[in-house]
Amino acid sequence: MLKQEGILVKIYSISFSFSFVFLMLEIFSRIAPATSLFPLEKPIECNLNKKISLYCLHRRKPYSTGTWSAGKFKPFNNIVFKRANDIGQFSDIDFKDFLKNENNKIQVLSIGDSYTEGLQVKNASTFHGILNNKLIKNKKRIISTSIAASGMALPNYIASINYSREFIDLDKIILIIPITSDDFDESFEKYALKGRRNGLGQFYFDENNENMNFVNFPYQQSFPQKSIDFILNKSSLARYLIYNLNLGSVLSQNFKFLTNQKENQKNPVNIVSTKIEAPSERYTMGELAIDIFIKKLKDIRKNKFSREKTFLVIDADRKSIYNNTSLNENSFFSIMRKKLINKARTNGFKVVDMKPIFQKDYTKRKLRFNSPYDMHWNEYGHKKISDEIIHLINNL
């Protein structure tokens, strides 16, 4: 009897010790703070025979808030408070207020992926947020908002534009579309990034025609996925380990079943440094994506006036700028950006090529355009982009 009681005491002691340690780590993770999860609203589903609705787009719960952080512990990490607007996009301007435009401001709508979404900076410090504080040369003010989400590519930009055109005359507004290195071949499902979302809730170009396909993101997920979502949503410690300490990349490499990554699916290569010798199909698909994108954009922006109010902001290989090395002219990104710039200008769209702008500024000031934690633009990078956009608006 005494022996059994001794065993129970040990079990209780061990359980209490583990619980206490977990509680302390959980408290530490909240203080650090661990990044918020920013869960998507589901389902994300779309009937391609009907008009694009908000249910077709990646979005958060309207007016939801959270804290994005990177790094191990404040004050050494990057901490940003984020808030979604009325349609679940990270912008301080509600879409309904953008549509009303009561003071007859210049309307600017930005469409894009995680670079436009700008989790890494305050809403007001994104390039589209900065525009709300700008006056153009005729003393008119700007009202600017965005529709953007991580993982999107060219077909999703077209879908987001088509969604907005259901509510507003697009000929009256300025469209901003940032283009980054992963927007090209990832426009096709075959090359799209897979992860916890498994490429769900996204549009893709059809390589056999000029149509767009859509992969639904159902509300019901598999048990492992629901379990992961539940843990990440409830535990700051789990988010701290996965995101702040980057344990997620380790898990994705060694426990592929947790991320829906196929066994034969290779990790995405660094497409900035990919040479021409890489599989030629990637280049073919990238060029096809550009052709389809520009054609669909022309179908939306039908006249010279509206195309001149469509600005494509083309990102640069910032690593080569920082290292003062020449970008391989045969690299995937170099070839894709060159083709896109030429095709966009030929068809009457405005292009903001950030390569010479970033290069000149870095040579003079030695200030980086992204945080130490990833290659997304920091506040200074967003500011440089907003400056170029204002310059183009003033010259319309």
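Everything quoted here is computed from the prediction, not taken from an experiment.

Draft legend 1. Fine view of the nonpolar core. In this structure, Ile-177, Phe-293, Leu-312 and Leu-340 are the most contacted members of the largest nonpolar core, which totals 59 residues. In this structure Leu-312 touches Ile-177, Phe-293, Ile-294, Leu-297, Leu-340, Ala-344, Lys-350, Val-351 and Val-352, once residues within four positions along its chain are discounted. In this structure, Leu-131, Ile-174, Tyr-362 and Trp-377 belong to the second largest nonpolar core, which totals 26 residues.

Draft legend 2. Focus on helix H6 (residues 223-234). A rise of 1.5 Å per residue sets the reference length of H6, with its 12 residues, at 16 Å; its end C-alpha atoms lie 16 Å apart and thus fit the reference within 8%. Restricting attention to buried positions, one finds in H6 the residues Gln-225, Ile-228 and Leu-232. Along the long axis of H6, the arc covered by the buried residues comes to 65°, so they all point the same way. With respect to the buried face of H6, the exposed residues turned more than 90 degrees away are Phe-223, Phe-230 and Lys-234. At its buried positions, H6 is contacted by helix H7 (236-244).

Draft legend 3. Spotlight on the pairing of strand S8 (residues 310-314). Within S8, five of the five residues are buried, which leaves it mostly tucked inside the rest of the structure. Alternating residues of S8 divide into Thr-310, Leu-312 and Ile-314 and Phe-311 and Val-313, and every residue in both groups is buried. Here strand S5 (residues 174-179) pairs with S8 via five bridges, running parallel. If you follow Ile-179 over to S8, its bridge partner there is Ile-314.

Draft legend 4. Region of interest: the packing of helix H13 (residues 354-365) against helix H14 (residues 379-394). The N-to-C vectors of H13 and H14 enclose an angle of 125°; their axes lie 11 Å apart at closest approach. Taken together, H13 and H14 sit at an angle that is classed as oblique. The handedness of the crossing between H13 and H14 comes out as right-handed. In contact with Met-354, Ile-357, Phe-358, Asp-361 and Arg-365 of H13, H14 contributes Tyr-380, Gly-381, Lys-384, Ile-385 and Glu-388. Residue composition of the contact of H13 with H14, by class: five nonpolar, one polar and four charged.

The rules we used
- Residues numbered from 1 in each chain as written.
- Predicted model: local features only at pLDDT ≥ 70, side-chain atom pairs only at ≥ 80, totals over all residues.
- Heavy atoms only, no water.
- Core = buried A, V, L, I, M, F, W, Y, C linked by side-chain atoms within 4.5 Å.
- Buried < 20%, exposed > 50% of the residue type's maximum accessible area, 1.4 Å probe, protein only.
- Contact = heavy atoms within 4.5 Å.
- Helix = DSSP H or I, 4+ residues; strand = E, 2+ residues; numbered from the N terminus.
- Expected span 1.5 Å × (residues − 1).
- Arc of directions from axis to C-beta.
- Pairing = 2+ DSSP bridges.
- Axes fitted to C-alpha atoms, helices over the stretch in contact; angles between N-to-C directions.
- Parallel < 35°, antiparallel > 145°, perpendicular 65-115°, else oblique.
- Left-handed = near helix turned anticlockwise from the far one by under 90°.
- Nonpolar A, V, L, I, M, F, W, Y, C, P; charged D, E, K, R; others polar.

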